[in-house]
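Summary of structural features
What follows is the residue order along each chain.
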Amino acid sequence: MKFFVDTADTDAIRDLNNLGMVDGVTTNPSLIMKSGRDIKEVTKEICDMIPGPVSAETVALDADGMIAEGRELAKIADNITIKVPLTWDGLKACKVLSGEGRMVNVTLCFSANQALLAAKAGATFISPFIGRLDDINLDGMELISDIREIYDNYGYETQILAASIRTVNHMTDAARIGADVATAPPDVIRKMASHPLTDKGLEGFLKDWEKTGQKILS
Ligand code: G3P
């Protein structure tokens with residue numbers, strides 16, 4: 001499973017990228033707002049750092065507006081993925097922009113039918129929002145599973161990009177189901193390394209090591 005980082009915080013992206021954990025980046029208007037930076041400037045900085053797909057989201061509501069904004073965002077760098085919402089106009093924009101050979105991420109997907117339409121419109125990525133479904137007592141992971149089954153039934157090449165990931169268990173479950181990509185906040189990726197038994201085991205080893213009086217480096 002590819003790891004995308006869901007943030008516009010360039011320090012956090014750099015930190016994870018130094019460990020080889022970043023295959024791509026996703027941003028959205030809320031994340032740009034959180035960064036406090038200009039969308040083009042911060043997105044360019046991210047694209048210069050990460051060679052993989054970097055999603056930048058349009059904000060127009062009509063297809064023509066999304067297409068114009070998408071083309072403008074695509075000028076930032078070759079690895080820009082244009083993000084459009086899963087509305088009828090978003091699907092129209094997806095069809096046009098993907099027809100121009102651009103990568104398109106169709107976002108705010110909450111049903112298998114929406115994902116089916118995005119694949120038919122030529123989406124490079126479909127972004128089902130797991131956490132927001134869980135928030136309203138639905139099962140976000142069941143959606144990932146349904147989309148995986150449907151895409152596999154027909155050989156759609158659209159990649160499933162599990163989004164709105166909130167917990168480390170979301171990462172495990174998305175990987176088990178076979179999501180192509182998971183985009184997660186930096187903290188969730190860092191937490192994947194933690195285990196209380198690792199900490200406890202390390203503590204025990206170090207206590208015993210101290211008793212030997214030895215040093216590895218002299
Ligand atoms: O990738 C989509 C993500 O940014 C939304 O996450 O936690 O706001 O639902 P969240």
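Our subject is the structure that appears above.
This text gives an overview of the structure that appears in the document. (Residues numbered from 1 in each chain as written. Predicted model: local features only at pLDDT ≥ 70, side-chain atom pairs only at ≥ 80, totals over all residues. Heavy atoms only, no water.)

Looking now at the overall build of the protein chain. Secondary structure assignment for the protein chain yields 11 helices and eight strands. A principal-axis box enclosing the C-alpha atoms of the protein chain has dimensions of 70 × 40 × 30 Å. Taking all 218 residues of the protein chain together, the buried fraction comes to 46%. In the protein chain, once contacts between residues fewer than 6 apart in sequence are set aside, the share between residues at least 24 apart is 57%. (Helix = DSSP H or I, 4+ residues; strand = E, 2+ residues; numbered from the N terminus. Buried < 20%, exposed > 50% of the residue type's maximum accessible area, 1.4 Å probe, protein only. Contact = heavy atoms within 4.5 Å.)

A separate point is a nonpolar patch on the surface. On the surface, Leu 202, Leu 206, Trp 209, Ile 216 and Leu 217 cluster together to form a nonpolar patch covering roughly 590 Å² of accessible area. Take Leu 206: it is sitting in helix 11 (residues 196-212). (Patch = residues over 30% accessible without salt bridge, like charges linked within 9 Å, V, L, I, M, F, W, Y side chains within 5 Å. Areas by Shrake-Rupley, 256 points an atom, 1.4 Å probe, with all protein chains shown as cover. Salt bridge = Lys/Arg side-chain N within 4 Å of Asp/Glu carboxyl O.)

Once that is clear, we can look at the site of the ligand. In the vicinity of the ligand, the residues found are Asp 6, Asn 28, Phe 129, Arg 132, Ala 163, Ser 164, Arg 166 and Thr 183. One nitrogen or oxygen atom from the side chain of Asp 6 is found 2.6 Å from an oxygen atom belonging to the ligand. Surface burial for the ligand is 81%, taken as the share of its 310 Å² of free accessible area covered by protein chains. Classifying every residue of the shell around the ligand by side-chain character gives two nonpolar, three polar and three charged. (Near = heavy atom within 4 Å. Polar contact = N/O pair within 3.5 Å; in protein donor to acceptor, adjacent residues only side chain to side chain. Nonpolar A, V, L, I, M, F, W, Y, C, P; charged D, E, K, R; others polar.)

This part is about the packing of aromatic side chains. Tallied over the entire structure, the rule returns four aromatic pairs. A centroid spacing of 5.6 Å and a plane angle of 70° characterise the contact between Phe 110 and Phe 129, whose relative ring orientation is edge-to-face. Highlighted residues: Phe 110 in the loop between strand 5 (103-109) and helix 6 (112-120) and Phe 129 in the loop between strand 6 (125-128) and helix 7 (130-135), separated in sequence by 19 residues. Residue Phe 110 is classed as partly exposed on the basis of its relative accessible area, which comes to 32%. Residue class for Phe 129 comes out buried when judged on its relative accessible area of 9%. (Phe/Tyr/Trp six-rings, centres within 6.5 Å; stacked < 30°, edge-to-face > 60°.)

Once that is clear, we can look at the nonpolar core. Val 84, Val 106 and Ile 126 are the most contacted members of the largest nonpolar core, which has 57 residues in total. The element best represented in this core is helix 8 (residues 140-154), accounting for five residues. Excluding residues within four positions of it along the chain, Ile 126 makes contact with Leu 86, Asn 105, Val 106, Cys 109, Ala 115, Ala 118, Ile 147, Tyr 151, Thr 158, Gln 159, Ile 160 and Leu 161. (Core = buried A, V, L, I, M, F, W, Y, C linked by side-chain atoms within 4.5 Å.)

What follows is about the sheet that holds strand 5. Two orientations exist for strands paired in a sheet by backbone hydrogen bonds: parallel and antiparallel. Judged by pairing direction, the barrel is parallel, and its eight strands sit side by side in the order 1-2-3-4-5-6-7-8 before closing back on the first. Between one strand axis and the next, the sheet turns by 30° as a mean value, whatever way the strands run. As paired elements, strand 4 (residues 80-85) and strand 5 share five bridges and run parallel to each other. Residue pairing in the sheet places Lys 83 in a bridge with Asn 105 of strand 5. Strands in contact with helix 5 (residues 88-99) are strand 4 and strand 5; relative to strand 4, the strand with the most contacts, it is inclined by about 155°. (Pairing = 2+ DSSP bridges. Axes fitted to C-alpha atoms, helices over the stretch in contact; angles between N-to-C directions.)

Before going further, it helps to spend a moment on the packing of helix 1 (residues 10-17) against helix 3 (residues 39-49). At their nearest, the axes of helix 1 and helix 3 sit 11 Å apart, and the two run at 5° to each other. In terms of orientation, helix 1 and helix 3 fall into the roughly parallel class. In contact with Thr 10, Ile 13, Arg 14 and Asn 17 of helix 1, helix 3 contributes Val 42, Glu 45, Ile 46 and Met 49. Counted by class, the contact of helix 1 with helix 3 contains four nonpolar, two polar and two charged residues. (Parallel < 35°, antiparallel > 145°, perpendicular 65-115°, else oblique.)

As far as function goes, none of this settles anything; it's purely spatial.
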